Amino acid sequence: MSNIMKLRKNIFAVYVVTVVVASMLVNILLKLNIDMNYLSIDIYEIISVHKSNMFDVFLYLFIERGKQLIVIYLLSKVINPNILQNIIIVLLMFCLGVFLTIQTFYYGFAGILILLASIFPQYFVYIFLVKYLCQRFNGEKYNKNKYVYYVNVMLLLLLGVVLEEIFLIFFLGDIQQYIVLRI
C-alpha cells in the first residue's frame, strides 16, 4: 500500500474518531442533565423557513455562506492550505457528531433524518469548495487562470446555496408533517 493511501486511511480514521469523541462528550453532558435542546434543529424553525419568501432565504444563505468562505479564503493565506482543509473537515465532523447525538436524543430517528436532510447534498458541495479553495493556494493545478478560478468558486457557492435552499424549503418543509416529535 502506498504512503498516500496510508495517509488517507489515517485521515479518514481521524474524521471517524472525531465524530465518536464528539458524540461521547455530548452523551456525558446529557447524562449530567445539561439541557442541549437549543442546539437541536427545531422543526418549528423549519416550518417558518418553509413559509418564507424564497429570495429572502436565498439571500440569507448566500450572505452567511459567503462570509464563511471569505474567512476560509483569508485563513488559507496564513495557514498551510492542506492543514486548514483538514482542520475545517475535522471541525465539521465534530459538529456532525454533536448534532447527530443531540438530534437523536431529543427527536429519535426522526431527528437523524432531519439532520441528514439538512446537510446533504449541499455540504458535499461546500466541502469540495473548501478543497478547491485550498488547492489554489497550495500551488496545485488551479493556479492557471485567476478569473476562471474565481468564477468556479462563485458557481460552487451558488450551487451549494441553491441546493441548501431547495432542501430546506421543499424537502424539509414537506417531511415535517410526517415527523412525530418527542417533546
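Refer to the preceding data block for the structure.
Report on the accompanying structure. (Residues numbered from 1 in each chain as written. Predicted model: local features only at pLDDT ≥ 70, side-chain atom pairs only at ≥ 80, totals over all residues. Heavy atoms only, no water.)

1. As for helix H3 (residues 54–78)
Argument step 1. A rise of 1.5 Å per residue sets the reference length of H3, with its 25 residues, at 36 Å; its end C-alpha atoms lie 36 Å apart and thus fit the reference within 8%.
Argument step 2. For H3, the full list of buried residues reads Val57, Leu61, Arg65, Gly66, Leu69, Ile72 and Ser76.
Argument step 3. N-cap assignment for H3: the residue whose side-chain oxygen lies 3.1 Å from the backbone N of Phe55 is Asn53. (Helix = DSSP H or I, 4+ residues; strand = E, 2+ residues; numbered from the N terminus. Expected span 1.5 Å × (residues − 1). Buried < 20%, exposed > 50% of the residue type's maximum accessible area, 1.4 Å probe, protein only. Polar contact = N/O pair within 3.5 Å; in protein donor to acceptor, adjacent residues only side chain to side chain.)

2. Comments concerning the packing of aromatic side chains
Argument step 1. The final tally for this structure, using the stated rule, is 7 aromatic pairs.
Argument step 2. Ring centres of Tyr132 and Tyr149 lie 5.1 Å apart, and the angle between their planes is 20°; on these two criteria the pair is classed as stacked. With Tyr132 in helix H6 (residues 122–137) and Tyr149 in helix H7 (residues 146–175), this pair connects stretches of sequence that are 17 residues apart. We note that Tyr132, like Tyr149, is buried.
Argument step 3. Ring geometry for Tyr149 against Tyr150: centres 5.0 Å apart, planes inclined by 70°, an arrangement best described as edge-to-face.
Argument step 4. Tyr150 sits in the partly exposed class, given a relative accessible area of 34%.
Argument step 5. Within the aromatic cluster, the residues linked to one another by ring pairs are Phe128, Tyr132, Tyr149 and Tyr150. (Phe/Tyr/Trp six-rings, centres within 6.5 Å; stacked < 30°, edge-to-face > 60°.)

3. Brief notes about the pattern of salt bridges
Argument step 1. A complete count under the given rule lists 2 salt bridges for this structure.
Argument step 2. Two residues, Glu64 and Lys67, come together in a salt bridge whose shortest N-O distance is 3.2 Å. With Glu64 and Lys67 both in helix H3 and 3 residues apart, this pair spans about one turn of that helix.
Argument step 3. Classification of Glu64 by relative accessible area gives partly exposed; the value is 22%.
Argument step 4. Since its relative accessible area comes to 47%, Lys67 is described here as partly exposed.
Argument step 5. A salt bridge links Arg65 to Glu164; the shortest N-O distance between them is 2.5 Å. Of this pair, Arg65 sits in helix H3 while Glu164 sits in helix H7, and the two are 99 residues apart along the sequence. (Salt bridge = Lys/Arg side-chain N within 4 Å of Asp/Glu carboxyl O.)

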